[in-house]
Amino acid sequence: AVHLIVFALIIATPLLLLVGVLLYRSATLESERVSQRIEQVLEALISDIDRDTDRRIAVLETLSTSSFLAEENWPAFYAQAKEGLRGRAYLVLVDAEGRQLINTFVPYGEAPALTGDPETLQRMRRTARPVVSDLFNSLVVRQPVYNISIPVMRGNEVRFVMSLGLVPEDLRTLLQSQSLPEGWSAAIWDSRGIIMARLRDQARLVGTAV
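Residues numbered from 1 in each chain as written. Predicted model: local features only at pLDDT ≥ 70, side-chain atom pairs only at ≥ 80, totals over all residues. Heavy atoms only, no water.

1. Overview of the packing of aromatic side chains
- Within the structure shown, the criterion is met by three aromatic pairs.
- Between Trp74 and Phe160 the ring centres are 5.5 Å apart and the planes differ by 85 degrees, which places this aromatic pair in the edge-to-face class. A residue pair is termed long-range when its members are at least 10 positions apart, and Trp74 in helix α3 (residues 74–85) and Phe160 in strand β6 (residues 157–166) qualify at 86 residues.
- The buried category is assigned to Phe160, whose relative accessible area is 1%.
- A ring pair is formed by Tyr78 and Tyr108, whose centres lie 5.6 Å apart and whose planes are at 65 degrees; its orientation type is edge-to-face. Of this pair, Tyr78 sits in helix α3 while Tyr108 sits in the loop between β2 (100–103) and α4 (118–127), and the two are 30 residues apart along the sequence.
- For Tyr78, a relative accessible area of 11% translates into the label buried. (Phe/Tyr/Trp six-rings, centres within 6.5 Å; stacked < 30°, edge-to-face > 60°. Helix = DSSP H or I, 4+ residues; strand = E, 2+ residues; numbered from the N terminus. Buried < 20%, exposed > 50% of the residue type's maximum accessible area, 1.4 Å probe, protein only.)

So, in structure tokens, the structure goes:
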């Protein structure tokens with residue numbers, strides 16, 4: 001019996017080691033495959049976000065060339081911006097002190113007195129470059145939103161800040177376009193680590209810490 005047991009162990013041990021090595025190799029290959037897929041999804045998502053942001057900045061830059069803006073004819077500029085955006089976003093124009101001049105989400109003349117996104121104004125004063133804001137609660141939409149903003153210069157000074165107000169669902173559309181495998185999820189969060197969009201449980205988790 002002892003001889004048979006020893007003989008069985010001599011035969012079985014190399015087989016068990018071989019099976020272990022094969023399982024480990026299989027798990028390693030699967031992990032590498034998943035990691036590569038994650039990197040592909042990440043690169044595609046970043047490219048989509050960049051393109052979407054560039055497209056919206058181009059819309060703002062086009063509106064910034066308006067003669068109505070140059071003349072500070074606010075009723076006419078409001079109508080032009082409202083017509084141009086056609087509900088795909090809303091435009092907010094504030095002066096260098098943060099006073100809202102135009103907000104196309106509400107009828108002309110009913111914009112809140114001050115910007116609900118003072119952080120963007122402060123960043124714009126420092127850099128005079130386009131800014132994508134963190135998530136914040138809009139004074140008029142009354143839900144979390146984010147802004148894509150550009151400076152409107154007069155000489156070397158920021159005279160106005162022009163923003164497109166966007167809702168988290170706009171970002172979620174980008175997540176949905178990635179066609180992730182069943183059971184996967186993805187999220188986008190801002191510089192403070194606050195979730196701006198999530199493929200699953202969007203309504204429950206937007207605005208919470210990642």
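2. Considerations on α4
- Here α4 has its buried residues at Thr120, Leu121 and Met124. Buried positions in α4, seen along its axis, are confined to an arc of 100 degrees and lie on one side of it.
- Taken together, the buried residues of α4 touch β1 (90–95), β3 (131–132), β5 (144–154) and β6.
- Downstream of α4 by a residue or two, Ala128 has a phi angle that is positive, lying close to 55 degrees. (Arc of directions from axis to C-beta. Contact = heavy atoms within 4.5 Å.)

3. Some thoughts on the pairing of β6
- Burial runs high along β6: eight of the ten residues are buried.
- With six bridges joining them, β1 and β6 adopt antiparallel strand pairing. Bridging from a neighbouring strand, Leu91 pairs with Leu164 of β6.
- Bridge analysis of β5 against β6 gives nine bridges, and the strand direction is antiparallel. Among the inter-strand pairings, Ile150 is bridged to a residue of β6, identified as Met162.
- Linking β5 to β6, which pair antiparallel, is a turn of two residues; within it Gly155 sits at a positive phi near 70 degrees. (Pairing = 2+ DSSP bridges.)

4. Notes on the pattern of salt bridges
- If you walk through the whole model with that rule in mind, you get ten salt bridges.
- Between Arg55 and Asp52 there is a salt bridge; the shortest N-O distance is 2.7 Å. Taken together, the positions of Arg55 and Asp52, both in helix α1 (residues 2–63) and three residues apart, correspond to about one turn of that helix.
- For Asp52, a relative accessible area of 10% gives the class buried.
- In this structure, Asp201 and Arg204 form a salt bridge, with 3.2 Å as the shortest nitrogen-oxygen distance. (Salt bridge = Lys/Arg side-chain N within 4 Å of Asp/Glu carboxyl O.)

5. Description of a nonpolar patch on the surface
- A contiguous nonpolar patch, built from Val2, Val6, Phe7, Ile10, Ile11 and Leu15 and spanning about 600 Å² of accessible area, is present on the exposed surface.
- Locating Val2 in the fold gives a position in helix α1. (Patch = residues over 30% accessible without salt bridge, like charges linked within 9 Å, V, L, I, M, F, W, Y side chains within 5 Å. Areas by Shrake-Rupley, 256 points an atom, 1.4 Å probe, with all protein chains shown as cover.)

6. Focus on unusual backbone geometry
- The phi dihedral of Ala128 falls on the positive side, at around 55 degrees, and the residue is not glycine.
- Tracing the backbone through its elements, the reader meets Ala128 in the loop between α4 and β3.

7. What to know about helix α5 (residues 168–176)
- Taken together, the buried positions of α5 are Pro168, Leu171, Arg172, Leu174 and Leu175. Buried positions in α5, seen along its axis, are confined to an arc of 150 degrees and lie on one side of it.

Note that every value here comes from positions in space, so none of it alone points to a role or purpose.
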